[in-house]
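Chains, contacts and geometry: an overview
In case you want the letters, here they are:
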Amino acid sequence: MSTGKSVLLLVSFLALLSLSPGCLSVSIVHVTYDGSSLHVQVTNTGVTGDAALQVNVFRFQDFRQVEVTRMTLPVRLESGTGTYTLPLTLDAGTYRLYLYVTSGNDRRASVIQDITVESHGATPRIGAG
């Protein structure tokens, strides 16, 4: 293949890539828990669009993961950073959160986060996990 054809192919590929929605345009930045809700901060550097935020919660029990709940929240991803709230009550313990942002059939972002919920009086607290 000649150099001219190789350059043309590369330029065409880069042009198509720039026109398609990028998987790196959405990221899950920060997750907090306040005792009754999970707050998920998502940054979108792409265009505004509809998506779904899915959270799968597992508890560590008897040296294995046991599913506690699975929730999906329809969200509107605006450009910039937004915080989405999911109602969730967790007892004291250690949990693993699997968080996904999907758009259509495409996974745009995912994160796995371990948290420890410690009960101090009436206010649960998240430990380092």
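In this text, all values refer to a predicted model and were calculated from it rather than measured experimentally.

1. Structural notes on the sheet that holds strand S5 (residues 80–87)
On the basis of which strands lie adjacent, the open sheet formed by three strands has the order S1-S2-S5 and antiparallel pairing. The outermost strands of the open sheet, each flanked by one partner alone, are strand S1 (26–33) and S5. With strand direction ignored, the average angle separating the axes of adjacent strands in the sheet is 20 degrees. Where strand S2 (residues 37–44) meets S5, eight bridges bridge the pair, whose relative direction is antiparallel. When the bridges of S5 are listed, serine 37 appears paired with proline 87.

2. What about the pattern of salt bridges?
Evaluation of the coordinates by the stated rule reveals four salt bridges. Measuring nitrogen to oxygen at the nearest pair gives 2.9 Å for the salt bridge that ties arginine 70 to glutamate 67. The salt bridge involving arginine 96 is made with aspartate 114; its shortest N-O contact spans 2.6 Å. With arginine 96 in strand S6 (residues 93–103) and aspartate 114 in strand S7 (residues 106–120), the pair connects residues that are 18 residues apart, well separated along the chain.

3. Structural notes on the side chain of threonine 43
Inspection of the secondary structure assignment puts threonine 43 in strand S2. Here the side chain of threonine 43 touches threonine 81 through a polar contact of 2.8 Å, side chain to side chain.

4. Side note on the pairing of strand S3 (residues 49–61)
In regular strands, side chains alternate between the two faces of the sheet. Here S3 pairs with strand S4 (residues 64–77) via 13 bridges, running antiparallel. The residue of S4 that forms the bridge with alanine 52 is proline 74. Joining the antiparallel neighbours S3 and S4 is a turn of two residues, in which aspartate 62 adopts a positive phi near 50 degrees.

5. Let's talk about the environment of histidine 30
Along the chain, histidine 30 turns up in strand S1. Overall, the relative accessible area of 44% leaves histidine 30 in the partly exposed class. When the C-alpha positions of histidine 30 and glutamine 113 are compared, they lie 9.9 Å apart, and in sequence the two are 83 residues distant. Setting aside chain neighbours within four positions, we find histidine 30 in contact with His39, Val40 and Gln41.

6. Overview of unusual backbone geometry
Its identity is not glycine, yet aspartate 62 carries a phi of approximately 50 degrees, on the positive side. You can call aspartate 62 exposed: its relative accessible area is 57%. A positive phi angle, near 65 degrees, is found at phenylalanine 63, a position not held by glycine. In this structure, phenylalanine 63 sits in the loop between S3 and S4.

7. A short note on the packing of aromatic side chains
For the coordinates displayed, the defined rule picks out one aromatic pair. Ring centres of phenylalanine 58 and tyrosine 98 lie 5.5 Å apart, and the angle between their planes is 80 degrees; this geometry places the pair in the edge-to-face category. Residue phenylalanine 58 is found in strand S3, and its partner tyrosine 98 is found in strand S6; the two are separated by 40 residues along the sequence. A relative accessible area of 15% places tyrosine 98 in the buried class.

8. Describing the nonpolar core
Ranked by internal contacts, the top residues of the largest apolar core, which has 25 residues, are Ile28, Leu38, Val40, Val42, Leu77, Leu90 and Val101. When contributions to this core are tallied by element, the ones reaching two or more residues are S1, S2, S3, S4, S5, S6 and S7. When residues no more than four places from it in sequence are discounted, the contact partners of valine 101 are Val26, Ile28, Val42, Ala51, Ala52, Leu53, Leu77, Asp106, Arg107, Arg108 and Ala109.

Reading the values: the criteria
Residues numbered from 1 in each chain as written. Predicted model: local features only at pLDDT ≥ 70, side-chain atom pairs only at ≥ 80, totals over all residues. Heavy atoms only, no water. Pairing = 2+ DSSP bridges. Helix = DSSP H or I, 4+ residues; strand = E, 2+ residues; numbered from the N terminus. Axes fitted to C-alpha atoms, helices over the stretch in contact; angles between N-to-C directions. Salt bridge = Lys/Arg side-chain N within 4 Å of Asp/Glu carboxyl O. Polar contact = N/O pair within 3.5 Å; in protein donor to acceptor, adjacent residues only side chain to side chain. Buried < 20%, exposed > 50% of the residue type's maximum accessible area, 1.4 Å probe, protein only. Contact = heavy atoms within 4.5 Å. Phe/Tyr/Trp six-rings, centres within 6.5 Å; stacked < 30°, edge-to-face > 60°. Core = buried A, V, L, I, M, F, W, Y, C linked by side-chain atoms within 4.5 Å.

Purely spatial values, then, with no claim about function.
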